[in-house]
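Structural overview for review
Here is how the chains run, residue by residue.
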Amino acid sequence: MNLCILDSGDEFQALPVSDRRAQHILRVLRKRKGDRIRAGTSDGRLGYAIIDAISNDEITLHFFPESLAPPLRPLAVLLGTVRPIQGARIVKDLATLGVASIVFFPTALGEKSYTQSDFYKRKEYIQHALDGAEQAGNPRLPEISIAWSLKKALEAIEHAEGTKLVCHPDIAALPLSQIQVERTPVILAIGTERGWTPDELALFERANFSLCALGSRILKTETAAIAAVSIILSKLNFF
């Protein structure tokens, strides 16, 4: 945990000792009363917190904001729903990389039952986004949502300006590394490792998405997501 993301911007606040952040502060960082830790809030304030008191029940923190964190990257990712354990890793890594939003949706060739898991229904992905933001040292969190079909996901961005790309393992598709990104935000669609159906690709085409590829090898969704986002961020001069 490179940054403690607090629940609010209140000057004084408490963390129950059972809270994972409190456990990290006490057991990993081995902080004591009067010590300072890096802290921030999800609205983008960065600073530090001083430990005012430690009891058997809670840690009391005094928060001192100093600056605003850099904004998130102008990049939205549309992702076919994956199994929860895979989704957790994807959300954490994309939050660490600083994407602005993530939209999950079921695909024709994906497993439909995944959407019934607590990861999606109870928004367990939020905790993994927090983990990624803590790792990055930037408290800003991506906006994460669920669209219950590809059509609904595309309708939500119908009027969005920018560069729209869909990754697909097709030898006829231009490699993502060769795509020119001239406008932001970038909206990047990545499906399951089974790829897209012709009907889904037709929907993307009508929504003005350009086809691109990540090479000839078939990648897991989490591998494709990190590779594609990294290439885009490099093109946008964030790396």
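Everything below is about the structure shown above.
First, a word on what this report is: a plain description of the structure on this page.

Criteria and cut-off values
- Residues numbered from 1 in each chain as written.
- Predicted model: local features only at pLDDT ≥ 70, side-chain atom pairs only at ≥ 80, totals over all residues.
- Heavy atoms only, no water.
- Helix = DSSP H or I, 4+ residues; strand = E, 2+ residues; numbered from the N terminus.
- Expected span 1.5 Å × (residues − 1).
- Buried < 20%, exposed > 50% of the residue type's maximum accessible area, 1.4 Å probe, protein only.
- Arc of directions from axis to C-beta.
- Contact = heavy atoms within 4.5 Å.
- Pairing = 2+ DSSP bridges.

Attention shifts here to helix 7 (residues 221-235). A rise of 1.5 Å per residue sets the reference length of helix 7, with its 15 residues, at 21 Å; its end C-alpha atoms lie 21 Å apart and thus fit the reference within 8%. Taken residue by residue, helix 7 has Thr221, Glu222, Ala224, Ala225, Ala228, Val229, Ile232 and Leu233 as its buried positions. Along the axis of helix 7, the buried residues cluster in a sector spanning 160°; they form a single face. Its buried side turned inward, helix 7 meets strand 6 (73-80), helix 2 (84-97), strand 7 (99-105), strand 9 (163-167) and strand 11 (186-190). Positioned one or two residues after helix 7, Asn237 has a phi angle of 65°, which is positive.

In this section: the environment of Leu188. Within the secondary structure, Leu188 sits in strand 11. A C-alpha to C-alpha distance of 38 Å links Leu188 and Ser18, two positions 170 residues apart in sequence.

Now for the sheet that holds strand 9. Strands sit in the order 8-7-6-11-9-12-10 across an open sheet of 7 strands; the sheet is parallel. Where the open sheet ends on each side, the last strands, each with one partner, are strand 8 (143-146) and strand 10 (174-175). As defined by bridge partners, strand 6 adjoins strand 11 across 5 bridges and the pair is classed as parallel. Opposite Ala76, over in strand 11, you have Ile187 as the bridge partner.

This part covers the pairing of strand 11. With 5 of its 5 residues buried, strand 11 lies for the most part within the structure. Judged by which residues are buried, strand 11 turns out to be covered on both faces: Val186, Leu188 and Ile190 on one side and Ile187 and Ala189 on the other are all buried. Pairing geometry for strand 9 and strand 11, over 4 bridges, is parallel. When the bridges of strand 11 are listed, Leu165 appears paired with Leu188.

A few words on the side chain of His168. Looking at the element boundaries, His168 is found in the loop between strand 9 and strand 10. Residues within four places of His168 in sequence aside, it is in contact with Ala173, Gly195, Trp196, Leu201, Leu211, Cys212 and Ala213.

Now for the pairing of strand 3 (residues 36-41). Bridging between strand 1 (residues 4-6) and strand 3 involves 3 bridges; their strand directions are parallel. Each residue of the ladder has a partner; that of Cys4, found in strand 3, is Ala39. Where strand 3 meets strand 4 (residues 45-54), 5 bridges bridge the pair, whose relative direction is antiparallel. Counterpart to Arg36 in the pairing with strand 4 is Ile50.

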